[in-house]
Each structure stands twice: as C-alpha cells, then as structure tokens.
Amino acid sequence: MNEEQSGSIKCWAEDDRPREKLIRLGKRNLSDSELLAILIGSGTKRFSALDLARRLLEAHRGDLNELARSSINDLVKVPGIGLARAVTISAAIELGNRRKRQEAEVVCISKSSDAFKHMQPILGDLRHEEFWTLYLNRKNRIIGEKQVSQGGLSATVVDPRIIFRHAIELGASALILVHNHPSENLKPSQADLEITRKIREGGQQLDLQVLDHLIVTQNGYLSFNDEGWL
C-alpha cells in the first residue's frame, strides 16, 4: 500500500476495517480508536482514519473524559482533524452526554445525589463555569431548570434577581443552586458562600426555600446542605 492509498479504509484488509469489524463482531469489540476512526470516516494522504484516531486520543492522553471536554477549536489542533471531522466527533460526544442525562433523569429530588445525577451530564465536562438553578414545587419535583450565568475558567457572576424572576414565573416553591468547578476542586470560594447567603436571604422574603447548593465536577460533587452550610 503506498502513501496515497493509506488514508482510505477501503484499501485496508477486511479484518482491519473498523466499520466491517463492528458489523461482524459488534460495537463492544472495537477499541476506542477504532470507534473514533468510524466517526472520522476517511484519512489523509499520509495517515489512515485509524492513525488520526490514535493521534487524537494521544493528544488527550488516551482519556475519553478529556476528549469529551474538548471544544471544536481544541479538536482541530490535532493534525488531520479538520472542521468537518471535529464537528462529527463533537456531535457524537453530545449525543452520548444526552443519553447519559436521559438515563439519569430525575423528576423528584429527595437527596443531593439526585440533583447531581440530573446536572452532571450538563456541567461535568465543561471547561468554563456555569451557574444553574433547579426550580421545584412543594413535592420537590423539578418544574424547570435555567442557566443563570456563564463565566470563565474560575468564576461566574450571578444576579439573584434573575433567579427569583424565573421562580415567580414558574410558581416554584424551592430552589437548588448548582454550578461547576472546571478545576475539579470541590472547595467553595468565598464568592460561592456569599452568593448562597444572598440568594437564601432573598428567597426567605419570597417564601422561597433554597434546599441546596451543589458544586459539580466531572467525577463528583459537594453539597452545601450535606455539609450543614444552609
């Protein structure tokens, strides 16, 4: 096989073709790089789709969680991964996240882990901070969720008035505050503690209870309520 032919999966031996392997053996029998090669579709003149997939994984230390956090701009930095390939990969990751969220969907919140399972697929992979509010009725059933603000790598600015306005519109009885720490550090900042205090005190004026404030990372969470801070 010469260099110009190497990029095409069609030119490989049948046993080396990821698509055919998936059909014959099932998706669970393919490696991460083989599954990525199917998404990439075709290679370049120098590298096969499988080569590109391996390079992509190597650029993310072989960590699928790290790959899932990559933006389009991050993906195209890998030689051979152009915009079209990056968009396809990003779309596949998002479908996986939506399936994960659907599987973890919780209607009624009875403990902090319920709120974490509901919000982790939304916030866990982000590389910037976002602040969300879950709105609950008197039976602690979720009646709405809203992204309140979006910030940088380490902070986001929250306006309590936005939170209260949506609560009134929805007729909510209680709130759960949720934001992520891309750094994976679960320790709350002084700003986290202060905004929680402000929203809790403001909610009391509206007969609106703040049930919890969660800090979410890719692999865990911290609950203000569980820590006795509310």
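Preceding block: the structure.
Below or above, wherever it landed, is the structure these notes cover. Since we're looking at a predicted model, the values are computed, not measured.

**Considerations on the packing of aromatic side chains**
- Counting across every chain of the model gives 2 aromatic pairs.
- Plain terms: the ring middles of Phe116 and Tyr221 are 4.7 Å apart, the flat faces sit at 25° to each other, and that makes the pair stacked. Placement of Phe116 in helix H7 (residues 112-123) and of Tyr221 in strand E5 (residues 221-223) is noted, with a sequence separation of 105 residues between them.
- Phe116 gets classed as buried once you look at its relative accessible area, which sits at 15%.
- By relative accessible area, Tyr221 is classed as partly exposed at 27%.
- Ring geometry for Phe224 and Trp229: centres 5.3 Å apart, planes at 80°, overall edge-to-face.
- Over the aromatic face of Phe47 sits the side chain of Arg55, whose NZ or CZ is 3.9 Å from the ring centroid.

**Things to note about the sheet that holds strand E4 (residues 209-216)**
- Reading across the sheet, the 5 strands line up as E2-E1-E3-E4-E5 and stay open at both edges, with mixed pairing between neighbours. Single-partner strands in this sheet number two, and they are strand E2 (142-150) and E5. Within this sheet the neighbouring strands show an average axis-to-axis angle of 20°, counted without direction.
- In this sheet, strand E3 (residues 174-180) lies alongside strand E1 (residues 130-136) in antiparallel orientation, the contact comprising 6 bridges. Looking at the pairing, Trp132 lines up with Val178 of E3.
- Against the sheet, helix H9 (residues 190-205) engages E1, E3 and E4, with an angle of about 160° to E4.

**Considerations on the pairing of E3**
- Counting buried positions along E3 gives 7 out of 7 residues, so the element sits mostly inside the fold.
- Judged by which residues are buried, E3 turns out to be covered on both faces: Ala174, Ile176, Val178 and Asn180 on one side and Leu175, Leu177 and His179 on the other are all buried.
- Pairing of E3 with E4 involves 7 bridges; the strand directions are parallel. Bridge pairing in E4 links Asn180 to Val216.

**Re the packing of helix H1 (residues 18-25) against helix H2 (residues 32-40)**
- Following both chains from N to C, one finds H1 and H2 inclined at 120°, their axes separated by 9 Å at the closest point. Regarding H1 and H2, the two cross each other, and that crossing is left-handed. Packed against H1, whose contacting residues are Pro18, Arg19, Lys21 and Leu22, the element H2 presents Glu34, Leu35, Ala37 and Ile38 at the interface.
- The residue inventory of the contact of H1 with H2, partitioned by class, reads 5 nonpolar, no polar and 3 charged.

**Some points on the nonpolar core**
- Counting residues in hydrophobic clusters, the biggest one holds 18 residues, and the most contacted among them are Leu36, Ile40, Leu56, Leu67, Leu75, Ile81 and Ile89.
- Looking at this core, the elements with two or more residues in it are H2, helix H3 (49-59), helix H4 (64-68) and helix H6 (83-103).
- Broken down by element, this core gets its largest block of residues, 6 residues, from H3.
- Formed by 16 residues, the second largest nonpolar core is a distinct cluster that contains Ile109, Leu136, Ile176 and Leu214.

Conventions and cut-offs
Residues numbered from 1 in each chain as written. Predicted model: local features only at pLDDT ≥ 70, side-chain atom pairs only at ≥ 80, totals over all residues. Heavy atoms only, no water. Phe/Tyr/Trp six-rings, centres within 6.5 Å; stacked < 30°, edge-to-face > 60°. Helix = DSSP H or I, 4+ residues; strand = E, 2+ residues; numbered from the N terminus. Buried < 20%, exposed > 50% of the residue type's maximum accessible area, 1.4 Å probe, protein only. Lys NZ or Arg CZ within 6 Å of the ring centre and 35° of its normal. Pairing = 2+ DSSP bridges. Axes fitted to C-alpha atoms, helices over the stretch in contact; angles between N-to-C directions. Contact = heavy atoms within 4.5 Å. Left-handed = near helix turned anticlockwise from the far one by under 90°. Nonpolar A, V, L, I, M, F, W, Y, C, P; charged D, E, K, R; others polar. Core = buried A, V, L, I, M, F, W, Y, C linked by side-chain atoms within 4.5 Å.

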